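Coordinate analysis (summary)
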Amino acid sequence: MEIGWRENPFFSLQNSLPDINRTVMFELVKLKGFSQIYAQLLLCLPSSHLSSELEKLVQHITRNSTEEDVRVLLEVWWELWKGRWGRQEDDDLDTVFTNQWTRLPNTTGLSPHAAKRFKSNPAPSTNDVLSILFHALEEVKEHLSTSDLCYRALSNCLDSLYTSHLIDQAIILPAEAQLQSLNSAVTVRKRHAGIEKFDLVQVISEAHSDLKAAHTPSQFKPCGMTLMQALQTVSQLTQAWEKRGLLEMTDSCDPSVLARRLKSCLARVLESLEELSMSETMDEGERQTLNNVQSTLRGLLVSLSFPDTESNAGEMAHIAVAIISHRLEGFQDFTTLFATELSWSLSVEEWISCLERNKNAFQRKDIVMKLVSTLIAKCQIDTEEVEHCRKLKDIIVNIFTELPLAEKNTTLSEMLTCSKKGLQGSLPQAVTEGFSEELNMAFNCIIQGGSAQNNLSLAVVAIASVAFQNPEATLRRCCHLAVVNHGAHSLLSKILQQLPGLRGGAPGCTEGTGSSAGSLLCSCLQDTAMTKLSSAKEEDQFLHFLVALMQPSISESGQSFLHPEEVVCAFVLPHLSPSGSSTCSLELCLRLLHSAFSLDFQDASPHWVMNCSPFPLLCVLCQLLNEGCGCWELPAEGAPRHLSMESKVLLVTVLTALGKVVGREVASAPNTWSRALFWLYNKVEALDWTVRFHLKVVWGDHFKNEVPSSLLAVCELPEQEWSGLKLAQYGQGTGLLAWMECCALSDEVQDTMLTSLALDQHRPDDVNMFSKGLLVAVTQTLPWCTVAEWGRLLRAMRELLRSGRLHVPYSLEYVDFLPLLDLRPFSCELRLSVLLLRVLQLLCGSSCKDWLSGQGWAHVGLLYASAMREIIDSLRGKLLPSSSNKDPKEERAATTTASQEVLFVLSQLFCHVQHIQVMMPGGQCESLFLCALEILTHYEAVLAAHPSCCSHLETKNTRHFFTTITDNLDSAEMKAVLHQKIAQLSSSG
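Residues numbered from 1 in each chain as written. Predicted model: local features only at pLDDT ≥ 70, side-chain atom pairs only at ≥ 80, totals over all residues. Heavy atoms only, no water.

In the nomenclature of an unreviewed UniProt entry, the chain is known as Gem-associated protein 4 of Oncorhynchus tshawytscha.

Some details on the overall build of the chain
Filter applied, for reference: A run of DSSP states H or I qualifies as a helix once it reaches four residues; a run of E qualifies as a strand once it reaches two. Both are numbered from the N-terminal end. The cut-offs for exposure are 20% and 50% of the maximum accessible area for each residue type, with area from a 1.4 Å probe on protein chains only; residues under the lower value are buried, those over the upper are exposed, and the others partly exposed. Note on contacts: a residue pair is in contact if any heavy atoms of the two residues lie within 4.5 Å. Only the protein chains shown count as covering a residue, and every accessible area follows the Shrake-Rupley method with a 1.4 Å probe.
Each helix and strand counted, the chain has 44 helices and two strands in total. In the chain, which comprises 989 residues, the share counted as buried stands at 49%. Counting contacts in the chain only where the partners sit at least 6 residues apart, residues at least 24 apart contribute 78% of the total. Only carbon and sulfur atoms are counted for the fraction: they give 51% of the accessible area of the chain, which is about 47400 Å².

Observations concerning the packing of helix 18 (residues 365-381) against helix 20 (residues 405-418)
Helices that pack against each other are described as a pair by the angle of their axes relative to one another and the distance between those axes. We count it as follows: Helix axes are fitted to C-alpha atoms over the stretch in contact, other axes to C-alpha atoms as well, and angles between N-to-C directions run from 0 to 180 degrees. Should the near helix be turned anticlockwise from the far one by less than a right angle, the crossing is left-handed, and should it be turned clockwise, the crossing is right-handed. In this classification, the charged set is Asp, Glu, Lys and Arg, the nonpolar set is Ala, Val, Leu, Ile, Met, Phe, Trp, Tyr, Cys and Pro, and all remaining amino acids, among them Gly, are polar.
It is the contact of helix 18 with helix 20, at a shortest axis distance of 9 Å, that shows an interaxial angle of 35 degrees. Once helix 18 is placed against helix 20, the crossing between them reads as right-handed. Along its contact with helix 18, which presents K365, V368, M369 and V372, the element helix 20 presents E407, T410, T411, E414 and M415. Class assignment of the residues belonging to the contact of helix 18 with helix 20 gives a composition of four nonpolar, two polar and three charged.

Overview of the environment of C589
Inspection of the secondary structure puts C589 in helix 28 (residues 586-598). Along the primary structure C589 and L543 are separated by 46 residues, whereas in three dimensions their C-alpha atoms are 9.4 Å apart.

Digging into the packing of aromatic side chains
Put simply, the rule is: We call Phe, Tyr and Trp rings a pair once their centres come within 6.5 Å, taking the six-membered ring for Trp, and we label the pair stacked below 30 degrees between planes, edge-to-face above 60, and tilted otherwise.
A full pass over the atoms with the stated rule returns 20 aromatic pairs. Considering the side-chain rings of F542 and F571, the 5.7 Å spacing of their centres and the 75 degrees angle between planes classify their relative orientation as edge-to-face. Pair noted here: F542 is in helix 26 (residues 536-550) and F571 is in helix 27 (residues 564-576), with a separation of 29 residues, a long-range link. Across this residue pair, the class does not change: F542 and F571 are buried. Pairing F678 with F703 gives two aromatic rings, centres 5.3 Å apart and planes at 80 degrees, and the pair type is edge-to-face. Taken together, the residues F678 in helix 31 (residues 670-683) and F703 in the loop between helix 33 (696-699) and strand 1 (705-708) connect sequence positions 25 residues apart. A relative accessible area of 43% places F678 in the partly exposed class.

Here we look at the environment of L843
If you trace the backbone, L843 turns up in helix 39 (residues 827-843). Judged by relative accessible area, which is 0%, L843 ranks as buried. C-alpha of L843 to C-alpha of V778: the two residues are 65 residues apart in sequence and 9.7 Å apart in space. Residues contacting L843, with those up to four places away along its chain left out, are T779, L782, P783, C848, K849, W851, W857 and V860.

A closer look at the state of the cysteines
For clarity, the threshold we go by: Two cysteine sulfurs form a disulfide in these notes if their separation is within 2.5 Å.
Applying the stated criterion across every chain, the model contains zero disulfides. The closest cysteine sulfur to the non-disulfide-bonded C479 is located on C524, 5.4 Å from its own sulfur. In this structure C479 comes out as buried when scored by relative accessible area, which is 1%.

Observations concerning a nonpolar patch on the surface
Where we set the bar: Patches in this entry comprise residues that are over 30% relatively accessible and not in a salt bridge; like charges within 9 Å are linked, as are nonpolar side chains (Val, Leu, Ile, Met, Phe, Trp, Tyr) within 5 Å. Salt bridges are identified by distance alone: a Lys or Arg side-chain nitrogen within 4 Å of an Asp or Glu carboxyl oxygen.
Together, L28, F34 and I37 give the surface a local cluster of nonpolar side chains, amounting to about 260 Å² of exposed area. Tracing the backbone through its elements, the reader meets I37 in helix 4 (residues 35-43).

Focus on the nonpolar core
Convention followed: By nonpolar core is meant a set of buried Ala, Val, Leu, Ile, Met, Phe, Trp, Tyr and Cys residues that side-chain atoms within 4.5 Å join together.
Grouped together as the largest cluster of nonpolar side chains are 147 residues, with contacts concentrated most on F338, F468, I495, F571, L576 and L621. Not counting residues within four places of it along the chain, the set of residues in contact with F338 comprises A320, V321, I324, S343, L346, W351, C354, L355 and F362. Ranked by size, the runner-up nonpolar core spans 95 residues in total, among them F826, V839, L875 and V905.

As for helix 31
Quick reminder of the rule: To estimate how far a helix should extend, the number of its residues minus one is multiplied by 1.5 Å.
Taking 1.5 Å of rise per residue, the 14 residues of helix 31 would be expected to cover 20 Å, and the 19 Å separating its terminal C-alpha atoms lies within 8% of that figure. Of the residues making up helix 31, those classed as buried are A676, L677, L680 and Y681.

Thoughts on unusual backbone geometry
For N64, which is not glycine, the phi dihedral falls at a positive 55 degrees. You can see N64 is positioned in the loop between helix 5 (47-62) and helix 6 (67-82). On the basis of relative accessibility, which here comes to 56%, the residue N64 falls in the exposed class. In this model, S613 sits at a positive phi of 50 degrees, which is unusual for a non-glycine residue. Looking at the secondary structure, you find S613 in the loop between helix 28 and helix 29 (614-628).

Some thoughts on the pattern of salt bridges
Scanning all chains against the criterion turns up 35 salt bridges. Close ionic contact of E706 with R692 constitutes a salt bridge, the shortest N to O distance being 3.4 Å. Here E706 is found in strand 1, whereas its partner R692 is found in helix 32 (residues 689-693), with 14 residues between them in sequence. A single burial state applies to E706 and to R692, both of which are buried. With a closest N to O distance of 3.5 Å, D766 and R763 form a salt bridge.

Comments concerning the confidence of the model for the chain
Inclusion rule: Known as pLDDT, the predictor's confidence for each residue is given on a scale from 0 to 100.
Residues at a pLDDT of 70 or more form 86% of the chain, whose mean pLDDT is 84. By mean pLDDT, the top-scoring element of the chain is helix 38 (residues 787-803) (95), and the lowest-scoring one is helix 7 (residues 91-103) (48). A low-confidence stretch, residues 99-126 stays under pLDDT 50, and its non-local contacts, those more than four residues away or across chains, total 47 contacts. Under a pLDDT of 50 for its full length, residues 510-517 has, in the predicted model, 18 contacts with residues more than four places off or in other chains.

Some remarks on a negative patch on the surface
To keep things clear, this is the line we draw: Charged residues are defined here as Lys and Arg on the positive side and Asp and Glu on the negative side; His and the ends of the chain fall outside this count. One atom stands in for each charge, and that atom is NZ of Lys, CZ of Arg, CG of Asp or CD of Glu.
A contiguous patch of negative charge, built from E349, E350, E384 and E385, is present on the exposed surface. For E349, the position within the fold is in helix 17 (residues 348-357). Given a relative accessible area of 47%, E349 falls into the partly exposed group.

Focus on helix 28
Relative to the 18 Å expected for 13 residues at 1.5 Å per residue, helix 28 spans 18 Å between its end C-alpha atoms, a close match to the ideal helical length. Burial analysis of helix 28 places 10 of its 13 residues in the buried class, which makes it a mostly covered element. Along helix 28, the residues that are buried comprise L586, L588, C589, L590, R591, L592, L593, S595, A596 and F597. Packing partners of the buried residues in helix 28 comprise helix 26, helix 27, helix 29 and helix 30 (645-668).

A word on the side chain of S833
By the secondary structure assignment, S833 is in helix 39. Among the residues examined, S833 registers a relative accessible area of 0% and is labelled buried. Here S833 is in contact with M868, I871, L909 and H912, once residues within four sequence places are set aside.

Re the packing of helix 36 (residues 747-756) against helix 38
To keep it simple, the criterion reads: Reported orientations rely on four angle classes, namely roughly parallel under 35 degrees, roughly antiparallel over 145, roughly perpendicular from 65 to 115, and oblique for the rest.
Taken N-terminus to C-terminus, the directions of helix 36 and helix 38 make an angle of 25 degrees; their axes are 11 Å apart at the nearest point. The angle between the axes of helix 36 and helix 38 places the two elements in the roughly parallel class. Where helix 36 crosses over helix 38, the two elements pack in a sense that is right-handed. In this structure, helix 36 contributes D747, Q750, D751 and L754 to the contact, and helix 38 contributes R792, L793, R795, A796, E799 and L800.

Observations regarding the environment of P564
Relative to the helices and strands, P564 is located in helix 27. Here P564 falls in the buried class, since its relative accessible area comes to 0%. For P564 and L546, which are 18 residues apart along the polypeptide, the C-alpha to C-alpha distance reads 9.1 Å.

Listed below in structure tokens is the structure:
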């Protein structure tokens, strides 16, 4: 049977419920005291069946009633009002029972074995449970002969009409009021039941159930009895029992539980009726009835003039302990009270013992903070109870550790609002002793454990635990390890991303100071930057740690642990000014600013950078770039800092990114930012004109493009957009220098320069003069170009060569015999290489060789080598097989010829590179040496791919020629390597 009803799908059809002899059942309920079980049985039925069964019980009881019958009725009544009880998993079984019951014939007739005590003509069935019970009580009122039974009956009536008619939602009593009520019930029942028969847990459970039933809207909605009818019934019952003296108090000093319950019911109902009497919707008859009922009930309340049970704090605390320990219904309501007020009502040992046994009952963020407050108060009062306070602190930390991650973060955030030192900031040192060892152990375990997902979750818990005790010390240790421990920054950033409660403070800049406002993490990071960044490696780790913390978090709705705005305010603005003292290097500031702009944040308006003094920031960046225009010049004595070429590249990138962002904001609200624009314009007016060009995206149409007047002599530019500046360093004949500098600024400006160049190609003298002037201009511009700027200049020179505006004759200074080859497809590459050779010859000449330092010459070599690599890539592209459908023989012949031409061009490039290597001061430019090796490698690859393109004799002559050229190098090591590489060319022949 037990297995069948669960597994057999036809069980319900094959096994219906048996017929029930209700007389036997009712008598069994009365005899065995099964009122509660019977009520639970009724509550499993549908409402119509419940009413029908209840009517049968009433019929049984009202026929030849005895006092015991009435007691059963009242007990069933109140159990119905208390509702379902038991475990949630019983619901499935109850559903099976309900379905079976509904299959029985729906009849109100008697069972075949019914006794004669049932009425022969029962009243028609109704679904109104309240009406059935009230009418039943009216019929049996004469059979009540004891005060307690009358008290119970009136209490049932009052609570029923109160929960059915006078409230529409549950009344939530404060935990303290609930505890006082439970304490009163426990005290009275203990007094009457005696210690031996007294079960505290059961008494508390029943008292709480009674309390809940009296304050929760009834599930039985009245449909056959109005409030006035119910009140009249209560009034009539009260008057009838008062006449019989059944409601008189016999012992006002020791009232029963039922008397106290009736007094509470009367107070609740009278209070609600008082509010009801204020209503203007009642007619005169109803108001008179209400007044009469109120008068009767007030008189009854006066007769119950016994004092309330005194609340003993110690007894209340023990009741709370029992509720929490046994997880009785509603135990969560008492945990906060136990954590605060009741902590003083028990001995420290008892209170801590209960807390330790029931830690999971206190796992709520608000309770944890209450426990922290209690701990602080106890430490301040009980200064000698160090051991107990230390144990309590450990318990609280354990409870915090078990909180869900979201509640951990909320608690950490609240702790930070109290003190940045957490528990340690509020507790005596004797209580927090040993925290340093705990902190060290936590981080040691994390670093050794690695970044696996399981380890990461454990690490988050460990960091949260120590951060709860001292957020500042924890964050300082995080920052320290992220810098000094290789690779630790990645793991620590992942941990902190999951603990946003440690953010502390709001992002932003303090007005007038440019410093971060209120962020504990920023404070710890600043201290780390001041004391720990002693090497480039540590600086890199610090940068990567900050960037990782700025990354948007997946679990935090796109928020980052450290907002870019905070980073800029804390680590860029205070340290970027050339005149200010700085703990962060200029390069680190620029890298941080670049990383902040590179993050993938949604394009919100206004952009976060608009809160970081964007116009002063633009001004400072422009000032720094202005200094970088002469980056190869030795800094003046006492100069605060010197801008390297690497920093210049980063500075231009940052300035461009910031300009675009600010330009968008200005364009969207020009009136808002007009004063700031004019302020910025005036501030940068004294800077180099090329620097101001980077602010074009900020100016928009507010200002013209300002260039040296000499530029307008070589370009036809519209006056509406361009204006000339009279600059002392740009006199007559410097137009092409300004033109080249414009070409290097940006692709857009370069296109404008190429299309507006004023050059008459039909006048050979003009083309010849232009070509010579351009050679000088490139020589003047090259050393101060970044890689990106040099790439733009190369593009401009190629375009000039292709269009015929730049004349570069190709001399045969590195050719012994005239090659019988078609070099026209390679004319651009050859002429560009010759042009660069002439530029370097001029730059390395006696008039210019003192311009640059050793680093400057190394940079020039790097730029020249990059140009050679672009030319080599172009040559390789011309060796690729064509897609035309030629005869295979013709295709092979064409490829052989092309490979011969490429070999010739490569030999010329090798000679040019070696020539420059010999000319360059120092003669040991590594970039040129590597470039020469790369040319030889490509030469060897072409020979290997096309062996027939060159005879053995030609290969030998070439090898000899290359060796002779290489012998001019000063560096023995470089010569040896190149000779070895050249010797390998013979194997290709």
